[in-house]
Amino acid sequence: MTMTPAQLERFTARLQAERADALARMAGSDSAMSEVRAAKAGGVADDEHDPEGPTMTQEWSQRTAVLADVTAELHDIDRALARIAEGTYGVCTRCGKRITVARLDARPTAELCIDCARLVR
Ligand SMILES: [Zn+2]
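Quantities reported herein were computed from a predicted structural model and do not represent experimental measurements.

1. Section: the coordination of the zinc ion
Four donors placed tetrahedrally around a metal ideally meet at 109.5 degrees, and six donors placed octahedrally ideally meet at 90 or 180 degrees. Protein-derived coordination of the zinc ion comes from C92 (SG), C95 (SG), C113 (SG) and C116 (SG), at a distance range of 2.2 to 2.4 Å. Classification of the site at the zinc ion rests on its four donor atoms, whose angles at the metal span 106 to 117°, yielding the label tetrahedral. We note that the donor set of the zinc ion lies within a single chain, spaced as C-x2-C-x17-C-x2-C. Taken together, the positions of C92 in the loop between α2 (53-86) and α3 (101-106) and C113 in the loop between α3 and α4 (114-120) put the pair 21 residues apart, joining distant regions of the chain. Accessibility expressed as a relative area gives 3% for C92, which makes it buried. By relative accessible area, which is 6% here, C113 ends up buried.

2. As for the confidence of the model for the chain
In the predicted model, the chain carries a mean pLDDT of 88, and the fraction of residues at 70 or more is 88%. Per-element confidence in the chain ranges from a low mean pLDDT of 90 for helix α1 (residues 5-42) to a high of 95 for α3.

3. Observations regarding the nonpolar core
If you look at the biggest cluster of nonpolar residues, it comprises 18 residues, and the most contacted ones within it are M3, F11, L15, I84, Y89, C92 and L104. Within the residue set of this core, elements represented by two or more residues are α1, α2, α3 and α4. Considering every element that reaches this core, the biggest residue donor is α2, with four residues. Those residues within four positions of M3 in sequence are excluded, and the remaining contacts are L8, F11, Y89, G90, R98 and L104. Counting six residues, the second-largest nonpolar core is a separate cluster that includes A22, M26, L67 and L74.

Parameters at a glance
Residues numbered from 1 in each chain as written. Predicted model: local features only at pLDDT ≥ 70, side-chain atom pairs only at ≥ 80, totals over all residues. Heavy atoms only, no water. Donors = N, O, S within 2.8 Å, 3.2 Å for Na, K, Ca; no water. Tetrahedral: all angles 85-135°; square planar, octahedral: opposite > 155°, others 65-115°. Helix = DSSP H or I, 4+ residues; strand = E, 2+ residues; numbered from the N terminus. Buried < 20%, exposed > 50% of the residue type's maximum accessible area, 1.4 Å probe, protein only. pLDDT = per-residue confidence, 0-100. Core = buried A, V, L, I, M, F, W, Y, C linked by side-chain atoms within 4.5 Å. Contact = heavy atoms within 4.5 Å.

Encoded structure:
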């Protein structure tokens, strides 16, 4: 065990809070995209002459980027929660060394120790 149960509990609570937050952002992004989609569908025939056209496309790609970010974030959070369940949370997935609590405090989804993170990026 690399961490005390109290520390694990604290990180679990934090990850779950971040997960709820990410899900809320994803839901918000989904409904915003549905609105854009509906607006697009309404103006299909005159799309090229639609003065709103480029704005819609911009809005669309911005929403898509946000959604991709949130999806990646959720994936990281789920993996961190899975590592907590497995008892491997806080252990570097590359070298097996312990990740410092200070680093996890800054980034609870970190999978690599600071040394490996430097090598990889
Ligand atoms: Zn490492």
